[in-house]
Amino acid sequence: MTVASVVVDVKNLSVDRPFDYLVPPEWEGLIEPGMRVIVPFGSRKVQGFVVSLKEKAEREQLKAIIEPMDEQPVLTEELLELGEWLSENTLCLKIAAFQAMLPAALKVNYEKYLVPAGGNPGEDPGYFRELFQNRDKIGWDEALRLVEKGALYRGIREGLLRVEYRIKSKGTVRKETYYVPAVPKESFSEKRASLPKTARKQLEIADFYLEHFHAHSAAELRERFPQFSGPVNALIRKGMLKKEEREQYRDPYEHQAVEPSRPHPLTPEQEEAVRPVRRAIESGEPDVFLLYGVTGSGKTEVYMHAIRQVLEKGKEAIVLVPEIALTPQMVARFKSRFGDKVAVLHSGLSAGEKYDEWRKIQRKEVQVAVGARSAVFAPFENLGIIIIDEEHETTYKQEETPRYHARDVAIRRAQSHRCPVILGSATPSLESFARAKKGVYKLLKLEKRMNNMPLPSVEIVDMRKEMHAGNRLMFSRLLMEKMKDRLERGEQTVLLLNRRGYATFLLCRGCGYTMVCPNCEVTLTYHKVSDTVKCHYCGYEGSAPKRCPACGGEHIRYFGTGTQKVEEELKKLFPEARVIRMDVDTTRRKGSHEKLLKDFYEGKGDILLGTQMIAKGLDFPNITLVGVLSADIGLNMPDFRAGERTFQLLTQVSGRAGRHRLPGEVVIQTYAPDHYSVKLARDYRFLDFYRHEMNMRKRGNYPPYYYLVLIVVTHENAMTAAKIIHQIASFLRGRLDERTIVLGPGASPISRLNNKYRYQLLIKYKRDPNLFPALKQISRLFIKEQTKDGVGIHIDVNPYSLL
DNA sequence: AGCACGCCGACT
DNA sequence: GTCGGCGTGCTC
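As the structure is a prediction and not an experimental result, all values here were calculated from the model. (Residues numbered from 1 in each chain as written. Chains lettered and ligands numbered in written order. Predicted model: local features only at pLDDT ≥ 70, side-chain atom pairs only at ≥ 80, totals over all residues. Heavy atoms only, no water.)

(A) Seen up close, the overall build of chain A. When you go through chain A residue by residue, the secondary structure sums to 25 helices and 33 strands. By the compact-globule yardstick of 28 Å for 803 residues, chain A fits well, its C-alpha radius of gyration being 31 Å. A separation of at least 24 residues holds for 75% of the contacts in chain A among residues at least 6 apart in sequence. Within the structure as shown, chain A displays about 38000 Å² of accessible surface, and the carbon and sulfur contribution to it stands at 49%. Put simply, chain A has 124 plus and 103 minus side-chain charges, and the middle of one group is 3 Å from the middle of the other. (Helix = DSSP H or I, 4+ residues; strand = E, 2+ residues; numbered from the N terminus. Rg over C-alpha atoms; globule rule 2.2 N^0.38 Å. Contact = heavy atoms within 4.5 Å. Areas by Shrake-Rupley, 256 points an atom, 1.4 Å probe, with all protein chains shown as cover. Lys, Arg positive; Asp, Glu negative; His and termini not counted. Charge placed at Lys NZ, Arg CZ, Asp CG, Glu CD.)

Okay, structure coming up:
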């Protein structure tokens, strides 16, 4: 007797543990850990993951597994273990951890419906028949809408109706029909000879097969022989061909021809950087390397050389890239070097395409996975290296449960596989650099740019002085002059403004009223294109008021500048310039991001204006000027990482200029020209920035000196949320180490979001063995309030956003 | 989460 | 009496 321990797909803490099921004899030996199965759970049927098998049950009366959903496990032993680790460390449900590691196509939908169930026909009250209207089943919800609840329950009790459950898979394997020769070529040829002379089409198709003697898809045949189905079916009847359904991959890069490329020779500096990595690959030492290399120093080439070595050893590699850097340019680079050994996983793919890329990995058809955050879970079994490019990027932290950081997951996986990790960046996160300094990570440096191009020269413009000099435009005189110059020379300019929309808030000069989102405690942004006001947090959109909603006055003024307004101003100042605007509003459609970049690359634009999405990956030879319109945005955020983010953004965007033959220039406009982040970014002084910022962090008891845990309680009623967070606070106090600091509780910086009030608590700790046990208890303690009253309790270990 | 079971007010 | 509302506890 084999018993399977199964974690069921029910998102509730009370069932967040394995349940035991009998493996039915017919599936004996076929069901393995890591497979999805369908099991009875209470009166329902649910999906579950087999986490382990054992020989005997610890209790009587086990139910049996209904059926497996997979032929092969979808989670390896290592990933099952990783799932346990994830749920422990991010405090999420096991089932949520497992699902986060798999493509969405493997999730399922549940359907509850009614079927007529024999019963005694004489007792059939007739209206059930009416209910079904000749259908053999009806959805539960639809039945509830049509018939009294009582009548349904009566029908069920009396045996006239039966409730059934169905589990529907979301993703599908795409199949295509192929026509395959049914006999060897010689007998095929003989059969061809005995075809009647009048069957012209059949002869034609048979000859085609003789010439290309292999399987052909229906699509291919249709192209050559538009009316192929009749004759082909005749050939099938005559035993010459047979029909076959074959699995097909959806290939999003199908129409992109990629030229193969050879590895570039490394510079002595790159060679030196890659050497310790090579040793670790060879010895299987799970070292973490921090590759600190200035922009344009050729980090990617170092990655590729390491990957090549890994592939030569018959092992596999994962490369993580921030989502917005996952451009066709970037993908092409890997595809050209490693050909069809590469699978690409990013959010631009459809669920089906992602599923197909994932299956290529699962089936060992590829050895390299390039992708955004979740690609860290690529189901390789013989990893030789994990690379995280732009490791400082905050997109590596998932902001929904499971709230994991890809860097932590990568390091954990590397330990299981005994392989190295490379974290690469020109502006490493403070956390990583501090670890490198302590020797926890190994520091590798690239200080020279490829081709020895100097870093662009950066000038800071004090916008307060511009104002005093009577310039009220968004552009300083210096920046305008340089832009004019680029336009005349036919070179390109990149402008960064980290704010979309037209105006960031609307204020009535009559009464001081500002427009706030009806669902959130956030000012609304005016969008001129649509003449609407939008909430950038919940997506609310309303028409822009002509009069003040409070006093009826007509003096509504628009403050704060977004990309739309800059675009408008640009058109006035430089009517001849072709401006490409790139922000969430212009890139929402699939593929538009790529299209805009391609247009700019091909010279269809003189100025690229955008939010931070343009700061990364751009590697265009004709960009010689970068303008940062307002470096202060973000600096005033209530976030201890504001200075770090600003430094990183300024450095990254500066790196976009002058990457090739033409030298680059950067103009940074700011109202805070003396801020250390701005000044140190101008001179590319990362080390000085690091020292300064570390001091700030030390004084504020922030990472990397302390770890953080953020607890947020949400509820539509402010009092309820406040009450719960206070109860949590008093529960924690006294239970924690005396060096652990509890900040708050208090209202969140965004005190209301999507009609829910938000209260929070920030915990700072160094080492506290009591903390995690206490955190785990919190959700259990308030489980009633969570299910009954809709109280939300969110615990974020190492949060990146404190809003 | 979603379902059964069980205990109380309202209507036929 | 019976129906249907919601609170409680369980799911291998």
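(B) Region of the structure containing the UniProt feature "binding site: Zn(2+) 2" (unreviewed entry) in chain A. UniProt's entry tags C517, C520, C535 and C538 with the feature "binding site: Zn(2+) 2" (unreviewed entry), counted in the numbering of this structure. What stands out for the annotated residues spanning 22 residues is how close their C-alpha atoms remain, the widest pair being 8.7 Å apart. Here C520 lies in the loop between β21 (505–508) and β22 (525–527). Apart from residues lying up to four places away in sequence, C520 is in contact with C535, C538, R752, L753 and N754. (UniProt positions renumbered as here; feature names shortened; annotations may be inferred.)

(C) Representation of the side chain of R697 in the model. Tracing the backbone shows R697 in helix α22 (residues 686–700). Here the side chain of R697 touches E644 through a polar contact of 2.7 Å, side chain to side chain. One polar contact links the side chain of R697 to the main-chain carbonyl oxygen of P703, over a distance of 2.9 Å. Residue contacts for R697: discarding those within four places in its chain leaves L430, F640, R641, E644, Y702, P703, P704 and Y705. (Polar contact = N/O pair within 3.5 Å; in protein donor to acceptor, adjacent residues only side chain to side chain.)

(D) Region of the structure containing the protein's contact with DNA strand C. Around DNA strand C sit 13 residues, and of these D20, P40, G42, R59 and K63 come closest. A share of 46% of the atoms of DNA strand C within 4 Å of the protein falls on sugar and phosphate groups. Between DNA strand C and P40, the relevant distance is 3.2 Å, taken from a phosphate oxygen to a main-chain nitrogen or oxygen of the residue. One nitrogen or oxygen atom from the side chain of K63 is found 2.5 Å from a phosphate oxygen belonging to DNA strand C. It is strand β2 (residues 19–22) that provides the largest number of residues to the surface near DNA strand C, a total of 3 residues. When grouped by side-chain class, the residues that make up the surface near DNA strand C number 6 nonpolar, 3 polar and 4 charged. (Near = heavy atom within 4 Å. Nonpolar A, V, L, I, M, F, W, Y, C, P; charged D, E, K, R; others polar.)

(E) Examining the protein's contact with DNA strand B more closely. Close to DNA strand B lie V10, K11, N12, S14, S43, R44, K112, Y165 and T787. Here the atoms of DNA strand B within 4 Å of the protein split so that 68% fall in sugar or phosphate, with bases taking the remainder. With respect to DNA strand B, the side chain of R44 contributes an N or O atom lying 3.1 Å from a sugar or linking oxygen. One of the side-chain nitrogen or oxygen atoms of Y165 is found 3.4 Å away from a phosphate oxygen of DNA strand B. Class assignment for the residues of the surface near DNA strand B results in 2 nonpolar, 4 polar and 3 charged.

(F) Seen up close, the pattern of salt bridges. Throughout the structure, instances matching the rule amount to 61 salt bridges. Across the pair K313 and E282 runs a salt bridge, and its minimum N-O distance is 3.6 Å. Of the two residues, K313 is situated in the loop between α11 (299–312) and β13 (316–320) and E282 in helix α10 (residues 268–283); the sequence distance between them amounts to 31 residues. For R588, the salt bridge is made with D585, and the minimal N-O distance between the two is 2.9 Å. Given the relative accessible area of 56%, R588 is considered exposed. If you follow the salt bridges from partner to partner, you end up with E459, K482, D485, R486, R489, E491 and E665 in one network. (Salt bridge = Lys/Arg side-chain N within 4 Å of Asp/Glu carboxyl O. Buried < 20%, exposed > 50% of the residue type's maximum accessible area, 1.4 Å probe, protein only.)

(G) Seen up close, the UniProt feature "binding site: Zn(2+) 1" (unreviewed entry) in chain A. Under the feature "binding site: Zn(2+) 1" (unreviewed entry), the UniProt entry names C508, C511, C548 and C551. Considering the C-alpha atoms alone, the annotated residues occupy 44 residues of sequence yet fold into one spot, their largest mutual distance being 8.6 Å. Tracing the backbone through its elements, the reader meets C511 in the loop between β21 and β22. The class of C511 is partly exposed, set by a relative accessible area of 40%. For C511, the residues in contact, after removing those within four places along its chain, are C548, A550 and C551. With respect to the secondary-structure elements, C551 resides in the loop between β24 (541–543) and β25 (556–559). Apart from the residues lying within four places of it in its own chain, the contact partners of C551 are C508 and C511.

(H) Broad picture of the sheet that holds β13. Spatially, β14-β15-β13-β16-β17-β12-β18 is the arrangement adopted by the 7 strands of the open sheet, whose pairing is parallel. At either margin of the open sheet sits one strand with a lone partner, and together these are β14 (342–345) and β18 (442–446). Put simply, the sheet's adjacent strands are angled 15° from each other on average, direction ignored. Along the sheet face, α10 touches β12 (288–293), β16 (383–389), β17 (421–425) and β18 and points at about 155° away from the line of β18. Where helix α14 (residues 406–417) meets the sheet, its contacts fall on β12, β13, β16 and β17, and the angle it forms with β16 comes to roughly 165°. (Pairing = 2+ DSSP bridges. Axes fitted to C-alpha atoms, helices over the stretch in contact; angles between N-to-C directions.)

(I) Highlighting the packing of aromatic side chains. Following the criterion strictly, the structure yields 25 aromatic pairs and no others. An angle of 10° between the planes, with centres 4.4 Å apart, marks the rings of F640 and Y702 as stacked. Placement of the pair is F640 in the loop between β28 (623–628) and α20 (642–654) and Y702 in the loop between α22 and β30 (707–715), with a sequence separation of 62 residues. Accessibility assignment for this pair places F640 and Y702 in one class, buried. Clustering of aromatic rings is evident, with ring pairs tying together Y292, F433, F647, Y676, F686, F689 and Y690. Positioned above the aromatic ring of Y178 is the side chain of R246, whose terminal nitrogen or guanidinium carbon lies 4.9 Å from the ring centre. We note K766 situated over the ring of Y706; from NZ or CZ to the ring centre the distance is 5.0 Å. (Phe/Tyr/Trp six-rings, centres within 6.5 Å; stacked < 30°, edge-to-face > 60°. Lys NZ or Arg CZ within 6 Å of the ring centre and 35° of its normal.)

(J) Seen up close, the environment of Q415. Examined against the element boundaries, Q415 turns out to sit in helix α14. Assessed through its relative accessible area of 46%, Q415 is described here as partly exposed. With 128 residues separating them along the chain, Q415 and D287 place their C-alpha atoms 8.6 Å apart.

(K) Layout of the nonpolar core. L75 and L608 are the most contacted members of the largest nonpolar core, which has 89 residues in total. The element best represented in this core is α14, accounting for 5 residues. (Core = buried A, V, L, I, M, F, W, Y, C linked by side-chain atoms within 4.5 Å.)

(L) Examining the state of the cysteines more closely. Scanning the model with the defined rule gives 0 disulfides in all. Not part of a disulfide, C535 finds its nearest cysteine sulfur in C538, a span of 3.7 Å. According to the relative accessible area criterion, C535 is buried, its value standing at 3%. (Disulfide = S-S within 2.5 Å.)

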